[in-house]
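So you can see what is in the structure, the chains are spelled out below.
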Amino acid sequence: GRNRGLAKKVLRVLVLDDNEDDFAFVKILLGKSLTFTYALEWAPTEAAAVAALQGGGFDVALFDYKLGGTTGLEILRTLQLQQCDIPIILLTGSENPDVDQAALDAGAADYLCKGSLDTTRLERAIRYSISHAQMLTALRESQAQLQLFMRSVPCAVCIYDEAGAVLFQNELFRRHFSVAAVITARSNRTGDGPTQYSQGGRHWLISEFPMVERSGRNLQGIAALDITTRIETEEALRKTSEFLNGVLATLPVAVARIDEQG
């Protein structure tokens, strides 16, 4: 058909297993794939696996649960602390709900039993784990960009919870505000809309915005814009106008002001 002659996408797979026969079994299963070409690399020890992952280039890793002197779970936990981005699937000799949950808690992308493993099931797990890892990477990048924006945006920003505990604040907010002071200023305002707040010779316009965490917890956001320059300009204009009006009122001449239409 149309796909005949087209090269299949190559996925690099690291297999950590101290039994070479099990590695050969996985290689046979993935060799039957009609969708991808799998380039497998065998790591017989924990040290070999960690070194291979640090070298990069892998799309997914398959870790045996039982290894000589350690377990795939322990290596998973270590790699999670190192913020390893490669999705890791744990393979075990038998079904065990406790190990299954522990594997997920340790950061495993999936947990599969070798006894019931076939090409379709293994390939599906690999495909889903890679897709999930890509989404997590994109999410982390978005969160990092948001943090950078929130820290560098030219206004004071803060997010706090229902107990008033600060969850995030940029440097501008930390230097000039406290949540308690903002709450007090907002409670003393008249009417709705932003609140004008003055402290230490600076003037701010404060707005609040509600937020809801994924767990359902209600959070509150604060954004304060520095309007010191505008306030000082308006004050200078007011004083100048008062001075001019006073001068004009005392001049011994008839004075009037007209607009451009006369």
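Going by the structure above, here's the rest.
Computed from a prediction, not measured in an experiment: that's the story for all the values here. Chains are numbered independently. Their residues run from 1 in the order of the written sequence. Given that this is a predicted model, residues contribute local features only at a pLDDT of at least 70 and side-chain atom pairs are listed and counted only at 80 or more, while totals for whole chains, interfaces and linings are drawn from all residues. Side-chain measures were taken over the full set of non-hydrogen atoms in the model, leaving aside hydrogen atoms and water.

Details of the overall build of the protein chain
Per the convention used, a helix needs a DSSP run of H or I reaching at least four residues, while a strand needs a run of E reaching at least two, with both numbered from the N terminus. Looking only at helices and strands, one finds eight helices and twelve strands in the protein chain. Taken over 262 residues, the protein chain has a buried fraction of 33%. A sequence separation of at least 24 residues applies to 54% of the contacts in the protein chain between residues at least 6 apart. Note that accessible areas follow from Shrake-Rupley with a 1.4 Å probe, and for residues the cover is restricted to the protein chains shown. Carbon and sulfur atoms make up 54% of the accessible area of the protein chain, which amounts to about 16,600 Å² in all. Only protein chains enter the accessibility calculation, which uses a 1.4 Å probe; a residue whose area is less than 20% of its type maximum is buried, one above 50% is exposed, and one in between is partly exposed. Contacts were defined at the residue level, with two residues in contact if any of their heavy atoms lie within 4.5 Å.

Points about the sheet that holds strand 7 (residues 110–113)
The criterion for strand pairing is that DSSP finds at least two bridges linking the strands in question. Read across the sheet, five strands follow the order 2-1-3-6-7 without closing on themselves; strand pairing throughout is parallel. Edge positions in the sheet fall to strand 2 (36–43) and strand 7, since each of these pairs with one other strand and no more. Going across the sheet, the axis of each strand differs from the next one's by a mean of 25 degrees, ignoring polarity. Across four bridges, strand 6 (residues 88–92) lies against strand 7 in parallel orientation. Along strand 7, the bridge assignment pairs Leu90 with Tyr111. Working convention: axes come from line fits to C-alpha atoms, limited for helices to the stretch in contact. Angles between N-to-C directions cover 0 to 180 degrees. Its contacts with the sheet place helix 1 (residues 20–31) against strand 1 (9–16), strand 2, strand 3 (60–64) and strand 6, and it is angled at close to 175 degrees to strand 2. Running over the sheet, helix 2 (residues 46–55) touches strand 1, strand 2 and strand 3 and is turned about 150 degrees from strand 1.

Overview of the sheet that holds strand 11 (residues 202–212)
Read across the open sheet, the five strands follow the order 9-8-12-11-10; overall the sheet is antiparallel. The strands lining the two open edges of the sheet, one partner per strand, are strand 9 (166–169) and strand 10 (195–199). The average undirected angle you get between the axes of adjacent strands in this sheet is 25 degrees. Relative to strand 11, strand 10 runs antiparallel, the two being bridged by five bridges. Across the sheet, Thr195 pairs through a bridge with Ile206, a residue of strand 11.

Structural notes on helix 7 (residues 179–187)
Along an α-helix, residues three or four positions apart point the same way, because every turn accommodates 3.6 residues. Turning to helix 7, its buried residues number three or more, namely Val179, Val182, Ala185 and Arg186. Mapping the buried residues of helix 7 onto a view down its axis gives an arc of 130 degrees, with all of them on the same face. Of the residues in helix 7, the exposed ones pointing more than 90 degrees away from the buried face are Ala180 and Ser187. Where helix 7 is buried, its residues touch strand 8 (156–160), strand 9, helix 6 (171–176), strand 10, strand 11 and strand 12 (218–226). Directions pointing from the helix axis toward each C-beta atom define the arc.

Let's talk about the environment of Gln147
Checked against the element boundaries, Gln147 lands in helix 5 (residues 119–152). Considered as a pair, Gln147 and Asn170 are 23 residues apart in the sequence and their alpha carbons are 9.1 Å apart.

What to know about helix 1
The first and last C-alpha atoms of helix 1 sit 16 Å apart over twelve residues, in line with the 16 Å expected at 1.5 Å per residue. Taken together, the buried positions of helix 1 are Phe23, Val26, Leu29 and Leu30. Viewed along the axis of helix 1, the buried residues span an arc of 120 degrees, placing them on a single side of the element. Exposed and facing more than 90 degrees away from the buried side of helix 1 are Asp21, Ile28 and Gly31. Polar contacts, as counted here, are pairs of nitrogen or oxygen atoms within 3.5 Å of one another; within protein the pair requires one atom able to donate a hydrogen and one able to accept it, and residues that are adjacent in sequence qualify only if both atoms are side-chain atoms. The N-cap residue of helix 1 is Asn19: its side-chain oxygen and the backbone nitrogen of Asp21 are 2.8 Å apart. Each residue after the first adds 1.5 Å to the expected span of a helix.

Quick notes on the pattern of salt bridges
Take a side-chain nitrogen of Lys or Arg and a carboxyl oxygen of Asp or Glu: if they are within 4 Å of each other, that pair is a salt bridge. Under the definition given, this model contains six salt bridges. The salt bridge involving Asp22 is made with Lys114; its shortest N-O contact spans 2.8 Å. Here Asp22, found in helix 1, pairs with Lys114, found in the loop between strand 7 and helix 5; they are 92 residues apart in sequence, far enough to count as distant. Between Asp226 and Arg202 there is a salt bridge, with the nearest N and O atoms lying 2.3 Å from each other.

A few points about the pairing of strand 11
Regular strands place their side chains on alternate faces of the sheet. Hairpin remark: strand 10 followed by strand 11, antiparallel, with two residues in the connecting loop; positive phi at Gly200, about 60 degrees. From the end of strand 11 to the start of strand 12, which pair antiparallel, there are five residues, and Gly216 there has a positive phi angle of about 100 degrees.

Let's talk about the packing of aromatic side chains
We call Phe, Tyr and Trp rings a pair once their centres come within 6.5 Å, taking the six-membered ring for Trp, and we label the pair stacked below 30 degrees between planes, edge-to-face above 60, and tilted otherwise. The final tally for this structure, using the stated rule, is five aromatic pairs. Centroid distance Phe177 to Trp204: 4.8 Å. Interplanar angle 70 degrees. Geometry classified as edge-to-face. Here Phe177, found in the loop between helix 6 and helix 7, pairs with Trp204, found in strand 11; they are 27 residues apart in sequence, far enough to count as distant. Considered together, Phe177 and Trp204 belong to a single accessibility category, that of buried residues.

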